[in-house]
Structures are given as structure tokens and as C-alpha cells.
Amino acid sequence: MRIDDSKVVAALSELDVELRRSSSLAELTSLAIGGTTDLLRIKKHESIPGLLSLLDSHGVSHRFLGGGSNLLVGDSELPWVVLQLASPDPDVVVEGNFAQVDAAADLGRTVTYCAKHDLGGMEGLIGVPGTVGGALRMNAGAYGMQIGSYVREVKLYRAATRQIEILRGEQISFEYRHTSFAPDDMMLAVKLELPSKAYREILQGIRICNEKRRSSQPLGQKSAGCIFKNPPGASAGRMIDELGLKGLSVGDARVSDRHANFFVNAGKASAKDMLALIADVRERVRSAFSVELEHEVVIWNG
Ligand code: EPU
């Protein structure tokens, strides 16, 4: 979608929002799939309510992009503009056992920054790509931990009130890859309370998680992490593997040979290819195991 109205363009610059014309979502997502649209980079949280009223009043639909690491975006010209937070400097501030982190901060960098301040707990998240905001929205987790356990406060733009608000941790429910945030809420910052731990000990944990991840996941390839959620008490990856589907492909979209719940873009896969592969695998799992796999990856298709 292209913002053509010159009044809107002028208002964006007054709000200190940068307009990047015809941005390729393939360049902004780890799957390297996705069409083009205008990208709006937000430099100040405070401009968000004004920005959203502006877009709504001019009928410009929008989506919020985090780090693009858990996202499959449709092909060609996209029917909405994309909003993304620019990361402030510094994006993490540590005080005692609390870390105040901007939603645009890189998750891995945040884990190591906190580790250097002798704050642990998030070792499992090392190697999970994306931003802290994205991790928060979907309660990212790995190796027995999830980020939600450490959340004390969240600053967000709430679609329901059209205002920036602060929620306390206990007002939010964090479940397996799911939170009580509304789809249109925009994560802005989070206050984490982390256990004290010696840097060397945290580093040890980080090394172990890194090693496990390297040996079981296709890290160097273009992917969006796990495509499906694990059904209760089962593993989507194991089920897909048991059906012998590693290597199954549609165009350049391919079930990873290393981990069957990772689907990789092995070249120039389109969203159409990837969606067809997802539908095919889902159908095969349904008929073999009578299990309906749910997407873990977020799909923006039209
Ligand atoms: N397995 C296979 N074949 C495969 C993949 C896995 O047999 O191709 C087996 C493994 O041997 C193991 C079991 O399935 O016995 C579980 O596999 P794994 O330990 O790799 O964990 P997972 O359940 O597949 C989950 C998360 C990952 C997270 C890892 C590590 C989901 C959907 N996936 O994977 O998160 O990194 O645990 O904690 O919850 C993600 O969210 O994108 C993601 C990759």
C-alpha cells in the first residue's frame, strides 16, 4: 500500500515518523518472503496514538512488525502499511534485579546484556531471533523457560483505549506461545525482574542452550522457527518426522532435514509455496494422527 495523500505525508513528518517507501518485507523477515509496502518507522512512543488516529481517519490499514522472525508475509503489493518501532539508545537499562527494555531491543542482545549485569533466567532464549516486543507478545520460550515468568510491567499502546498504558505483570496472562494482549495492541517496553546469577554461570547455561539448538535446528537457513505449536503432550516436529516428511518441498519452500517443524526458504520460495507446504503437512498430520496442528508462525496474508 502506498500513502499518496500529501497531508498524511506531512503529518507523518510532524509526528517524527519516518516513511520508507515501498519496503520489501522479504528483507525484513527471517524467512525472506513477502511483498512490498510503505514502512513507517516510529521514533517516539508518544507519537503512536496520533499516528494511529491519522491512519484510521484516512482509511490506511496497518500492521505492527517486530523483528520479523516469526512471520510469513504474503506476496506482491501488500494491502496495509507496516509500522515498526525504531530502537532507542540505550534500549536496555538495568537497575538492581530489574531490566527496563524497549520492545524494539534485540532479544539475544538483551539476554547477554543482562547476563553481564549478573542477571540470569533467560538463558534458554539465547538464539531465539527477534525483538523483545515480539517475544513478549507471544510469550517466547525454550528449554523449559518462558519470558512471561519475568515480566513485571508492560508499556503498550492499547487498541481498546487508544492510549499508551502500563499493565502490571499480574494483569496479563502468559500461556504456551499465547498471551492475553489483543491482536492490535502494540508492545512498547517491558520491565523484567531477573534472578541474580554470576555471569560465568549464566554463560555456561547459554553455551549449553546454544549447543542444543545448533545440533537440532537449522540455524544458518532462512526460517521462521517452528511453524506449528506443539499439541498438548506431543511434538509437532516428531510427528512430521515420523511421517517421513523431512525434505518435502513446494517450490523452494522445504521441510528442514534437521528439524521437521522448521520449514526453510531454500532459495526463492514465495508465500504461496510456503502456505501450500504448510497446508499439505497439516493435512498429512491430520489424516495420520487425527491432530489439527495450529500455526505457531504468524501469517499475514491479505
Ligand atoms: N524430534 C524429532 N524429529 C524432528 C524434530 C524433533 O524426532 O525433526 C523430536 C526430538 O528428538 C525430541 C522432540 O521431538 O525428542 C522435541 O523436539 P525439540 O527438543 O527440538 O523441541 P520442539 O518441541 O520441537 C520446542 C519449541 C522450540 C524450542 C525448543 C527447545 C515449539 C513449537 N517449539 O521445539 O521453539 O526452541 O522446544 O526448547 O514449542 C519456536 O518457538 O519457534 C521454536 C523453535
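In what follows, the accompanying structure is described. (Residues numbered from 1 in each chain as written. Predicted model: local features only at pLDDT ≥ 70, side-chain atom pairs only at ≥ 80, totals over all residues. Heavy atoms only, no water.)

1. Thoughts on the pattern of salt bridges
Inference 1: What the rule picks out here adds up to 21 salt bridges.
Inference 2: The shortest N-O distance in the salt bridge between D38 and R21 comes to 2.6 Å. Taken together, the positions of D38 in strand 2 (residues 36-42) and R21 in strand 1 (residues 17-24) put the pair 17 residues apart, joining distant regions of the chain.
Inference 3: Residue R214 pairs with E211 through a salt bridge whose shortest N-O separation is 3.3 Å. Within this pair, R214 and its partner E211 are both found in helix 5 (residues 199-216), separated by 3 residues, close to a single helical turn.
Inference 4: Within the structure, one salt-bridge network assembled from shared partners comprises R282, E283, R286 and E292. (Salt bridge = Lys/Arg side-chain N within 4 Å of Asp/Glu carboxyl O. Helix = DSSP H or I, 4+ residues; strand = E, 2+ residues; numbered from the N terminus.)

2. What to know about the site of the ligand
Inference 1: Residues in contact with the ligand amount to 20 residues; listed here are only the nearest, Y143, Y176, N230, R238 and D241.
Inference 2: One of the side-chain nitrogen or oxygen atoms of N230 is found 2.7 Å away from an oxygen atom of the ligand.
Inference 3: Within the side chain of R238, one N or O atom sits 2.7 Å away from an oxygen atom of the ligand.
Inference 4: Where the shell around the ligand is concerned, the elements lending two or more residues are strand 15 (222-226) and helix 6 (236-242).
Inference 5: Per-element tally for the shell around the ligand: the top contributor is helix 6, with 3 residues.
Inference 6: Split by residue class, the shell around the ligand holds 7 nonpolar, 7 polar and 6 charged. (Near = heavy atom within 4 Å. Polar contact = N/O pair within 3.5 Å; in protein donor to acceptor, adjacent residues only side chain to side chain. Nonpolar A, V, L, I, M, F, W, Y, C, P; charged D, E, K, R; others polar.)

3. With respect to the pairing of strand 5 (residues 81-85)
Inference 1: Burial analysis of strand 5 places 5 of its 5 residues in the buried class, which makes it a mostly covered element.
Inference 2: Alternating positions in strand 5 separate into two faces, V81, L83 and L85 on one and V82 and Q84 on the other, with burial throughout.
Inference 3: Here strand 3 (residues 62-65) pairs with strand 5 via 4 bridges, running parallel. Pairing of L65 across the sheet is with Q84, part of strand 5. (Buried < 20%, exposed > 50% of the residue type's maximum accessible area, 1.4 Å probe, protein only. Pairing = 2+ DSSP bridges.)

4. Focus: the nonpolar core
One recurring pattern in soluble globular proteins: nonpolar side chains tend to sit buried together.
Inference 1: Counting 56 residues, the largest nonpolar core has L40, L83, M122, L125, V154, F181 and L192 as the members making the most contacts within it.
Inference 2: In this structure M122 touches T110, V111, M145, I147, Y150, L192 and L194, once residues within four positions along its chain are discounted.
Inference 3: Formed by 23 residues, the second largest nonpolar core is a distinct cluster that contains L31, I227, A253 and L293. (Core = buried A, V, L, I, M, F, W, Y, C linked by side-chain atoms within 4.5 Å. Contact = heavy atoms within 4.5 Å.)

5. A word on helix 7 (residues 271-289)
Inference 1: Its 19 residues place the ends of helix 7 26 Å apart at the C-alpha level, agreeing with the 27 Å of an ideal helix rising 1.5 Å per residue.
Inference 2: By the burial criterion, the buried members of helix 7 are A271, D273, M274, L277, I278, V281 and V285. The buried residues of helix 7 occupy one face: seen down the axis, they fall within an arc of 160°. Residues of helix 7 that are exposed and angled more than 90 degrees away from the buried face: K272 and S287.
Inference 3: Among the structural elements, strand 4 (71-73), helix 6, strand 16 (249-250), strand 17 (253-255) and strand 18 (262-265) are those in contact with the buried residues of helix 7.
Inference 4: One or two positions beyond helix 7, positive phi appears at S290, with a value near 55°. (Expected span 1.5 Å × (residues − 1). Arc of directions from axis to C-beta.)

6. Considerations on the side chain of T110
Inference 1: Turning to its location among the elements, T110 is positioned in helix 3 (residues 107-116).
Inference 2: For T110, the side chain forms a polar contact with the main-chain oxygen of D106, separated by 2.7 Å.

7. Thoughts on the sheet that holds strand 3
Inference 1: Strand order in this open sheet of 4 strands is 1-2-5-3, and the pairing throughout is mixed. The open sheet has two free edges, formed respectively by strand 1 and strand 3, since each of these has just one partner strand. Taking the axes of each pair of neighbouring strands and ignoring which way they run, one obtains an average angle of 30° across the sheet.
Inference 2: Across 4 bridges, strand 2 lies against strand 5 in parallel orientation. (Axes fitted to C-alpha atoms, helices over the stretch in contact; angles between N-to-C directions.)

8. A few points about the packing of aromatic side chains
Inference 1: Considering all chains together, one arrives at 3 aromatic pairs under this definition.
Inference 2: Residues W80 and W300 carry aromatic rings whose centres are separated by 5.3 Å and whose planes lie at 80° to one another, so their mutual orientation is edge-to-face. Remark: W300 occurs in strand 19 (residues 298-300) and W80 occurs in the loop between strand 4 and strand 5; sequence separation between them is 220 residues. The two residues W80 and W300 agree in class, both being buried.
Inference 3: A ring pair is formed by F174 and F181, whose centres lie 6.4 Å apart and whose planes are at 80°; its orientation type is edge-to-face.
Inference 4: It is K191 that lies over the ring of F98; its NZ or CZ is 4.9 Å from the centre. (Phe/Tyr/Trp six-rings, centres within 6.5 Å; stacked < 30°, edge-to-face > 60°. Lys NZ or Arg CZ within 6 Å of the ring centre and 35° of its normal.)

Fair warning: the whole summary comes from geometry, so function is off the table for now.
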